[in-house]
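Overview (structure and organization)
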Amino acid sequence: AGCATGNADSPADGSGYCAFSWGKNNLAMGTKSFAMGEEGKANSRASGVLGYSNMTGAGLTSHPNSQAVNGIVSDGIGAMALGYLCEAYGDGAVASGKNIKSYNGAQTFGSGINDGNPMINEFPNSAGFGSKVIRPTFTTLPGDGTVGDKGKTASRSPYYCLVDVN
């Protein structure tokens, strides 16, 4: 079963205007969002969830490492959560894999330890990768926005010799 609903006269009211939901117990409440699979919640505009018990939403000041003082930091436009128990918050945030939480527009891929210990990436606009960890093992941090900047990388692994950057 699926649905497409909302109010064309007030598409920003959180009613899921032009949204699409397919599967079991999904909610696509963000304007032009989609939810597919089971128990998904696409709460922000043009966001999507695919898989089991995934969620998208706005970036909030209550989230870890938030860069603002009060309320909503970003709407969560284009956030995507794919896989199993993944959550993506903030504009362009992506959480893909199993047991992952991405905050502040971060993109995170891999898996947390288990359902109670997800991998969490709270570094704004970063990309994190890891497997069976609570923090990304390897993270690329945003550059300064200039054409020649190469950005930054960080690793939580003691096995530095295993990384070959040739």
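So, here is what we can say about the structure in this document. What you see is a predicted model; the values in this text were computed from it and never measured.

What follows is about the pairing of strand E15 (residues 138–141). Pairing between strand E14 (residues 127–130) and E15: three bridges, direction antiparallel. Looking across to E15, one finds that Phe129 is bridged to Phe138. Pairing geometry for E15 and strand E16 (residues 152–155), over four bridges, is antiparallel. Residue pairing in the sheet places Thr139 in a bridge with Ala154 of E16.

Tracing the backbone through its elements, the reader meets Phe34 in strand E4 (residues 34–38). What makes Phe34 partly exposed here is its relative accessible area of 26%. Sequence separation between Phe34 and Ala46 is 12 residues; the distance between their C-alpha atoms is 7.6 Å.

Time to look at the side chain of Ser21. Take Ser21: it is sitting in strand E2 (residues 20–24). A residue is classified by how much of its surface remains accessible, and Ser21, at 7% relative accessible area, is buried. Side-chain polar atoms of Ser21 contact the backbone oxygen of Asn26, separated by 3.4 Å.

Turning next to unusual backbone geometry. The phi dihedral of Ala46 falls on the positive side, at around 55°, and the residue is not glycine. By the secondary structure assignment, Ala46 is in the loop between strand E5 (41–42) and strand E6 (48–52). For Lys132, which is not glycine, the phi torsion reads 60° and is therefore positive. Residue placement: Lys132 occurs in the loop between E14 and E15. Given the relative accessible area of 56%, Lys132 is considered exposed.

Conventions adopted
Residues numbered from 1 in each chain as written. Predicted model: local features only at pLDDT ≥ 70, side-chain atom pairs only at ≥ 80, totals over all residues. Heavy atoms only, no water. Pairing = 2+ DSSP bridges. Helix = DSSP H or I, 4+ residues; strand = E, 2+ residues; numbered from the N terminus. Buried < 20%, exposed > 50% of the residue type's maximum accessible area, 1.4 Å probe, protein only. Polar contact = N/O pair within 3.5 Å; in protein donor to acceptor, adjacent residues only side chain to side chain.

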